[in-house]
Amino acid sequence: MVLPRRFARRFRSARTWILFGILAPVGMLVVSALMLLDLRKDAWDKAEQTSQNLLQIIERDIARNIEIIDLSLQGVTENLKLPALADLSPELRQLILFDRAISAQDMGVILVLDERGDSILDGHAIPARHTNNVDRDYFKAHKAQSGGGLLISQPLMSRLTGARVMVLSRRVDKPDGSFGGVVLGTLKLSYFTRLFDRLGLGRDGAINLYLHDGTRVMRYPNRDSDFGTSLAGTANFERFVREGSGSFVGTSSLDGVDRHYAFTQVGTLPLILNVALAVNEIEAEWRAKAIVITAIVVALCGLTVCLSLLFGRELERRGAMQVELARQSLTDALTGLPNRRRFEEALTALRGDAGHAARPFALLVIDADHFKRFNDRHGHAVGDEVLRGLARCLLESIHRPVDLVCRVGGEEFAILLQDGDEDEALRIAERVHARVALLAVEAAGIEPGSVTVSIGVATMGAPGADLLTPSDLFSLADAALYEAKANGRNQTRFVERRRGVVDRRQASFRLAGA
């Protein structure tokens, strides 16, 4: 039977709406699923970035402390070779050998043992406190082999202090090259606890430090049962050793918890560090968002699918446009740095923080010296390349994500250091000068050292100092900059900190390093 054309059209229209009513919710659910997957990826990206940042900070701190202690041990080893050392008084001999060593942070004891393992010199006592370490593995290793360099022991209990320590040791040779003993320094394991205590890793998160043989030096959170245990042969540790650095998701052989492991070797030392975040905790926030989002999407699908879809697309388009416009309004097109508007917003915000929480911050104003010459001699394209190179140098000079590098106009840049005092600002200024000295534009024949900058520094928020307006602070830093230019360029000048100074005409300046 053939339906009349009018009914056929109505039938097709109804069928279209029914089909749309089926497909629209499916489409919404697919979109929602993709969005949830993207959110999950963001959660993992955030966890990865957090782990890598923590890993880098901890690794540098540990390597630096061990290096300080090792330099102290090397100093003792070298000083033991002094011919007149034995003729000195015990007090003077101790001062020569251990003066620098005993001030090292987190060092427990520092001793010199003779070839029989008896303590003969003590950085903390005259005469040396008696102990014999001939049975220690590090003593046996030094005795068996010369020229072994620094040895790091397994974690053990100090016989002198009773504290848990890690022993760093070096061999002492007699004049004829035979074994003469060992110089050792202990690093308290409480150092690692204090270092890790500042980090929030969640209930099942952990930080581990291992020797290359699999012995666990330290675990955070600390458990007595973990002291000196070995993970040699476990799948996770074998991967640490095999790959050296990286990240992966694995299951702990001790408690069965799935974790994201980020790991690296500590400098050139036989130590492996890892930061482990529990998978459940990484995804906990995402799961909560997923439940809420899924409930909302299902509700919207049950109501007005068509209007919801159209509204969502329009909202997404407008949101993306606003984000892009906002980004462009705060970014310098040439260098990609935040522009003057973003700089002024950040400066005002930091000034507010300094007023409410007494948090200091520093402002560096940087200007390229004789920049007009580059434009006049090589053209604006080369001048633009120089500006982009300066931007890279400034970004390489800071290491904290809270610090901000901006281009405030022409060849003038600014750096805002949150929680930065005068000393920190001058260290950053030194880095800037050092990196700019390496800047070159080979295509234009601009060699390293051709580009220099002058820097003006001002600080605010220090205890007892007056609070300035953002414009006053910038004016003082700018005055310091012009003082640097007026006195020969390629230097840093900073404002002497005095109460009541808000006008650049009242300020006094000092050359960095003077």
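- An unreviewed UniProt entry lists the protein under the name diguanylate cyclase, from Methylobacterium bullatum.
- Quoted verbatim from the Catalytic activity (unreviewed entry) field of UniProt, the annotation for the protein is "2 GTP = 3',3'-c-di-GMP + 2 diphosphate".

### Considering the packing of helix H10 (residues 380-397) against helix H11 (residues 422-436)
- Remark: H10 packs on H11, axes separated minimally by 9 Å, with the N-to-C direction vectors making an angle of 140 degrees. It follows from the interaxial angle that H10 and H11 lie oblique. You can see that H10 and H11 cross each other, and the crossing is right-handed. Facing H10, whose interface residues are Leu 390, Cys 393, Leu 394, Glu 396 and Ser 397, H11 presents Ile 428, Arg 431, Val 432, Arg 435 and Val 436.
- Here the contact of H10 with H11 is built from residues that sort into six nonpolar, one polar and three charged.

### Focus on the packing of aromatic side chains
- Per the stated rule, a full pass over the model turns up 14 aromatic pairs.
- Arranged with centres 5.4 Å apart and planes meeting at 85 degrees, the rings of Phe 139 and Phe 179 form a pair that is edge-to-face. With Phe 139 in helix H3 (residues 137-144) and Phe 179 in strand S6 (residues 179-188), this pair connects stretches of sequence that are 40 residues apart.
- A relative accessible area of 1% means that Phe 139 is categorised as buried.

### Considering H3
- Those residues of H3 lying buried are Tyr 138, Phe 139 and His 142. Buried residues of H3 fall within an arc of 100 degrees about the axis and therefore sit on the same side. The exposed set on the far side of H3, more than 90 degrees from its buried face, consists of Asp 137 and Ala 144.
- In this structure, the buried residues of H3 make contact with strand S1 (107-113), strand S3 (151-152), strand S5 (164-173) and S6.

### Some thoughts on the pattern of salt bridges
- The full count for this structure, using the stated rule, is 24 salt bridges.
- Between Arg 129 and Asp 122 there is a salt bridge whose closest N-O contact spans 2.7 Å.
- A salt bridge links Asp 367 to Lys 485; the nearest nitrogen and oxygen atoms lie 3.0 Å apart. Separated by 118 residues along the polypeptide, Asp 367 in strand S12 (residues 361-368) and Lys 485 in helix H12 (residues 470-486) bring together distant segments of the chain. Residues Asp 367 and Lys 485 agree in their burial class; the two are buried.

### Some words on the environment of Asp 421
- Relative to the assigned elements, Asp 421 resides in the loop between strand S14 (412-418) and H11.
- Given the relative accessible area of 35%, Asp 421 is considered partly exposed.
- Distance from Asp 421 to Gly 461, taken between C-alpha atoms, is 8.7 Å for residues 40 residues apart in sequence.
- Apart from residues lying up to four places away in sequence, Asp 421 is in contact with Ala 362 and Thr 459.
- At a separation of 2.9 Å, a polar atom in the side chain of Asp 421 contacts the main-chain amide nitrogen of Glu 424.

### What about the sheet that holds strand S17 (residues 509-511)?
- The strand order S13-S14-S12-S15-S16-S17 describes an open sheet built from six strands, whose pairing is mixed. Looking at the sheet topology across the chains shown, the edges are occupied by strand S13 (404-409) and S17. Taking each pair of neighbouring strands and ignoring which way they run, the sheet shows an average axis angle of 25 degrees.
- Relative to S17, strand S16 (residues 492-495) runs antiparallel, the two being bridged by three bridges. Opposite Val 495, over in S17, you have Phe 509 as the bridge partner.
- The sheet contacts of H10 involve S12, S13, S14 and strand S15 (453-460), and relative to S14 the element is tilted by about 15 degrees.
- In this fold H12 packs onto S12, S14, S15, S16 and S17, with an angle of close to 145 degrees to the strand it touches most, S15.

Conventions and cut-offs
Residues numbered from 1 in each chain as written. Predicted model: local features only at pLDDT ≥ 70, side-chain atom pairs only at ≥ 80, totals over all residues. Heavy atoms only, no water. UniProt positions renumbered as here; feature names shortened; annotations may be inferred. Axes fitted to C-alpha atoms, helices over the stretch in contact; angles between N-to-C directions. Helix = DSSP H or I, 4+ residues; strand = E, 2+ residues; numbered from the N terminus. Parallel < 35°, antiparallel > 145°, perpendicular 65-115°, else oblique. Left-handed = near helix turned anticlockwise from the far one by under 90°. Contact = heavy atoms within 4.5 Å. Nonpolar A, V, L, I, M, F, W, Y, C, P; charged D, E, K, R; others polar. Phe/Tyr/Trp six-rings, centres within 6.5 Å; stacked < 30°, edge-to-face > 60°. Buried < 20%, exposed > 50% of the residue type's maximum accessible area, 1.4 Å probe, protein only. Arc of directions from axis to C-beta. Salt bridge = Lys/Arg side-chain N within 4 Å of Asp/Glu carboxyl O. Polar contact = N/O pair within 3.5 Å; in protein donor to acceptor, adjacent residues only side chain to side chain. Pairing = 2+ DSSP bridges.

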